[in-house]
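Take a look at the letters that make up each chain.
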Amino acid sequence: LFDGIYPFYLQKRKASVFDISTIIVILVFLTLACSFLLIIPGIRGRARLYWTLRVLLSLLVGVGIVVVQFTGDWETGWVKANTSYKSFSHALVSVDIGLHVGLAGVNVTLRGNPVNQLNETISYNEHFAWSFDADYEHSYSQGLQKGLPSPILYVAEKLSSQSPCGVHRQYRICGHYASATLWVAFCTWLISNMLFSMPVLVYGGYMLLLTGAFMIFSLLSFSAVRSSPMCPIQFGSAALHTAYGASFWLTLALGLLCLVAGITVVTLHHFNLDLLKTFFDLREDKAEHQEMTQVCVNPHSVTKDL
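Residues numbered from 1 in each chain as written. Predicted model: local features only at pLDDT ≥ 70, side-chain atom pairs only at ≥ 80, totals over all residues. Heavy atoms only, no water.

Chemist: Just give me the short version of the overall build of the protein, but keep the residues and values in it.
Modeler: Along its length, the protein carries nine helices and seven strands. Counting only contacts in the protein whose residues sit at least 6 apart along the sequence, the fraction spanning at least 24 positions is 68%. Surface summary for the protein: the accessible area is close to 18,000 Å², and the carbon and sulfur share equals 64%. (Helix = DSSP H or I, 4+ residues; strand = E, 2+ residues; numbered from the N terminus. Contact = heavy atoms within 4.5 Å. Areas by Shrake-Rupley, 256 points an atom, 1.4 Å probe, with all protein chains shown as cover.)

The structure is reproduced here in structure tokens:
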């Protein structure tokens, strides 16, 4: 023991924004994008530009829908405070405390300002999962056994199911339904891509509208948490306040993009179908078709009788 605590212990760390699952998803979609860029020179004319625009925008929407499932910055907040570092100790440290809320859990970040204080390196990032297949209370109990710093345990306790704040159940249910709605949006995105490869473009537009609608529904589900009064997280005179993070705004932007694209496809189907078919490379070129049906005859090889 060192000052009554264990100086070393096993600790499973999880990044507050990017983790292994996020990196794997991004690499898969980057591989698909690079594979398409390798074959794009084989497409001639303006169709090359149309194909590039369609495929890259579609991959952007797909990777965005999947990535935000694993990110931890749907709601974020930071505060600078002078607070106690360990229980039963009067020593104060100057730290930056961060709270990063995701769909499946929360990350609590503690960084010293400066990092080295009290002969220790203060740099922590702890993950507490609250999905239906995880046990938040068990993660919190493990943090107590590890001897995590007091600010991390204080924030984690505020978000536990035993806390009088009562936000744990709301975050858990809202995050679950937001995640489920996003997976439905991913399915409709796949169907829209299949429909766009067939001469039924208007139905692909309808599926894009559904994709955007389900993404907006996921945002409404997650934002329902903020409709209830939040429990204050105080560190002396400083308070930790949270706001919507990058994943929330990215989902909103992609949802609006799908709605605009779907409305554009449906509108062009009713008012300018030829332009829509040209953009999706489904229009038959009559001039080219006539050239292919012409027969060229060599008069030197034709007999007089013929």
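Chemist: Summarise unusual backbone geometry; cite the residues concerned and give the values.
Modeler: Along the chain, Asn113 connects to Pro114 via a cis peptide bond; the corresponding omega equals 10°. Relative to the elements of secondary structure, Pro114 occurs in strand S3 (residues 105-117). Its identity is not glycine, yet Asn119 carries a phi of approximately 60°, on the positive side. Within the secondary structure, Asn119 is located in the loop between S3 and strand S4 (120-129). Looking at Asn119, the relative accessible area reads 84%, which means it is exposed. (Buried < 20%, exposed > 50% of the residue type's maximum accessible area, 1.4 Å probe, protein only.)

Chemist: Please set out the sheet that holds strand S2 (residues 92-101) residue by residue, giving values where relevant.
Modeler: Taken in spatial order, the five strands of this open sheet run S4-S3-S2-S1-S7, and their pairing is antiparallel. Both edges of this open sheet fall to S4 and strand S7 (243-244), since each of them pairs with a single strand only. Pairing analysis gives seven bridges linking S2 to S3, with the strands arranged antiparallel. By the bridge assignment, Val95 is partnered in S3 with Gly112. (Pairing = 2+ DSSP bridges.)

Chemist: Got a sec to walk through the layout of surface pockets? Specific residues and values, please.
Modeler: Rolled over the atoms, a probe sized like a water molecule indicates the empty space that remains. Within this model, the largest pocket holds a volume of roughly 710 Å³. Residue lining of the largest pocket: 26 residues in total, with Arg54, Val55, Ser58, Phe196 and Phe280 positioned closest to the centre. Elements with a minimum of two residues in the lining of the largest pocket: helix H2 (47-67), helix H5 (168-196), helix H7 (246-271) and helix H8 (273-279). A per-element tally of the lining of the largest pocket places H2 first, with eight residues. (1 Å grid on protein atoms, 1.4 Å probe; cavity = no way out; pocket = protein on both sides within 12 Å on 5 of 7 lines; lining within 4 Å. Points joined across faces, edges and corners; volume = space filled by probe spheres on them.)

Chemist: So what's going on with the nonpolar core? Which residues, and what values?
Modeler: When a protein is soluble and globular, its nonpolar side chains tend to lie buried together. Counting 66 residues, the largest nonpolar core has Trp74, Leu99, Val106, Leu110, Phe128, Leu159 and Phe235 as the members making the most contacts within it. Once you skip the residues sitting within four places of it in the chain, Phe235 turns out to touch Val79, Ala81, Thr83, Ile97, Pro151, Tyr154, Val155 and Leu240. (Core = buried A, V, L, I, M, F, W, Y, C linked by side-chain atoms within 4.5 Å.)

Chemist: Please set out the UniProt feature "transmembrane region" (unreviewed entry) in the protein residue by residue, giving values where relevant.
Modeler: Under the UniProt annotation, the feature "transmembrane region" (unreviewed entry) is placed at residues 20-39, 51-71, 91-110, 177-196, 202-225 and 246-271. Secondary structure content for residues 20-39 is 100% helix and 0% strand, and the end C-alpha separation is 29 Å. Taken end to end, residues 246-271 has its terminal C-alpha atoms 37 Å apart, with 100% of it in helix and 0% in strand. (UniProt positions renumbered as here; feature names shortened; annotations may be inferred.)

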